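# Geometric and topological summary
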Amino acid sequence: MARPFAVITGASTGIGFELARIATGSGYDVLVVADEALVEAAADDLRRTGTDVTWLQTDLATLEGVDRLLESVGGRRIDVLCANAGRGLGRCFLDQDPDDWRRVINTNVVGTVYLLQNVLRQMVNQGSGRVLVTGSIAGFIPGSFQAVYNGTKAFIDSFADAIRNELKEFDGITITTLMPGPTDTAFFERADMMDTKVGVDPDKADPKKVARDGWDGMIEGKDNIVSGWKNKLQVAAAHVTPPGVMAEQHRRMAEPGTANS
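The text that follows walks through the structure, step by step, so that each part is easy to find. (Residues numbered from 1 in each chain as written. Predicted model: local features only at pLDDT ≥ 70, side-chain atom pairs only at ≥ 80, totals over all residues. Heavy atoms only, no water.)

### Here's the deal with the pairing of strand E5 (residues 129–134)
Among the 6 residues in E5, 5 count as buried, and that is most of the element. Pairing between strand E4 (residues 80–83) and E5: 4 bridges, direction parallel. By the bridge assignment, Leu81 is partnered in E5 with Val131. Taken together, E4, helix H4 (residues 98–126) and E5 form a β-α-β motif whose crossover is right-handed. Here E5 runs beside strand E6 (residues 173–179); their pairing, made up of 6 bridges, is parallel. Paired with Leu132 across the two strands is Thr176, which belongs to E6. (Buried < 20%, exposed > 50% of the residue type's maximum accessible area, 1.4 Å probe, protein only. Helix = DSSP H or I, 4+ residues; strand = E, 2+ residues; numbered from the N terminus. Pairing = 2+ DSSP bridges. Right-handed = clockwise from strand over helix to strand, strands pointing away.)

Below you can see the structure in the form of structure tokens.
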């Protein structure tokens, strides 16, 4: 009998790599995908579990890159999709290069939506499948000095809720949104945020725990997983706090030059 098969994007490091580690440890064959060469080393590490691990380096900010992922599946049944690929961008919006903020939108929104559409069509046809989409608690907060990134996560959080409702008649399909807060990954370095309070915060979440929370929630068929009790409180506060107040609070964490304040 063939082992179940999982596709995990953004899997070279961080939460995505930890999700892939959990998947292989749970007996899944895995395709790990990322836009950087580190994904090959990640695959080599994951093969120690004895399951079949293949890798693909492709640009998930483009439709062509997502098409390459779909071709790499080779017609195999996808039992689990972890749509985890994402890109951050700090600093003042007016100072950002349009190529940089477009890449954030294309990775976090366009590529993710296109991938979900194609994989969910397959899951509907096969009658089952589990999807874990990595959103963020950032989607609940006006992100001063992370405006484009937070906006993309607001879209993803909302989009996942909507398509979950659209597909509610298909009992065998689940869509779970993982919403972490600041996590100890390369995210803040890549987003040019190491001179910010949040960038150097030593109390960021452990990506292993975040991945475990997300994976377990997906297997249980939960709708939304907010990882960490502090993040749960922040999400609850976001529902009753005026947006201007939330934006000012975010500014104090993400404004350049606040690392030592």
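### Some points on helix H2 (residues 38–46)
Note on helix geometry: an α-helix contains 3.6 residues per turn, so any two residues three or four positions apart are oriented the same way. Residues Val39, Ala42, Ala43 and Leu46 constitute the buried set of H2. Taken end-on, H2 shows its buried residues confined to a sector of 100°, consistent with a single buried face. On its buried side, H2 packs onto helix H1 (14–25), strand E2 (29–34) and strand E3 (53–57). (Arc of directions from axis to C-beta. Contact = heavy atoms within 4.5 Å.)

### Details of the environment of Asp45
By the secondary structure assignment, Asp45 is in helix H2. Expressed as a C-alpha distance, the spacing of Asp45 and Asp29, which sit 16 residues apart in the sequence, is 14 Å. Asp45 has contacts with Phe17 and Arg21, leaving out every residue within four places of it along the chain.

### Points about the sheet that holds strand E1 (residues 5–9)
Sheet architecture is open: 7 strands sit in the order E3-E2-E1-E4-E5-E6-E7, paired in parallel fashion. With one partner strand each, in any of the chains shown, E3 and strand E7 (224–226) form the two edges of the open sheet. Taking the axes of each pair of neighbouring strands and ignoring which way they run, one obtains an average angle of 15° across the sheet. Sheet strands touched by helix H5 (residues 147–166): E5, E6 and E7. Its angle to E6, the strand with the most contacts, is close to 160°. (Axes fitted to C-alpha atoms, helices over the stretch in contact; angles between N-to-C directions.)

### Topic: the pairing of E4
Residue alternation in E4 divides its side chains into two sets, Val80 and Cys82 and Leu81 and Ala83, and both sets are buried. Two elements, E1 and E4, share 3 bridges in a ladder whose sense is parallel. In the strand pairing of E4, Ala6 is matched with Val80.

### Describing unusual backbone geometry
Positive phi outside glycine occurs at Arg91, with the angle close to 80°. Turning to its location among the elements, Arg91 is positioned in the loop between E4 and H4. Judged by relative accessible area, Arg91 falls into the partly exposed class, the value being 27%. Notably, Phe145 is not glycine yet its phi reads approximately 65°, a positive angle. Along the chain, Phe145 turns up in the loop between E5 and H5. Taking the relative accessible area as the measure of exposure, Phe145 reaches 16% and is therefore buried.

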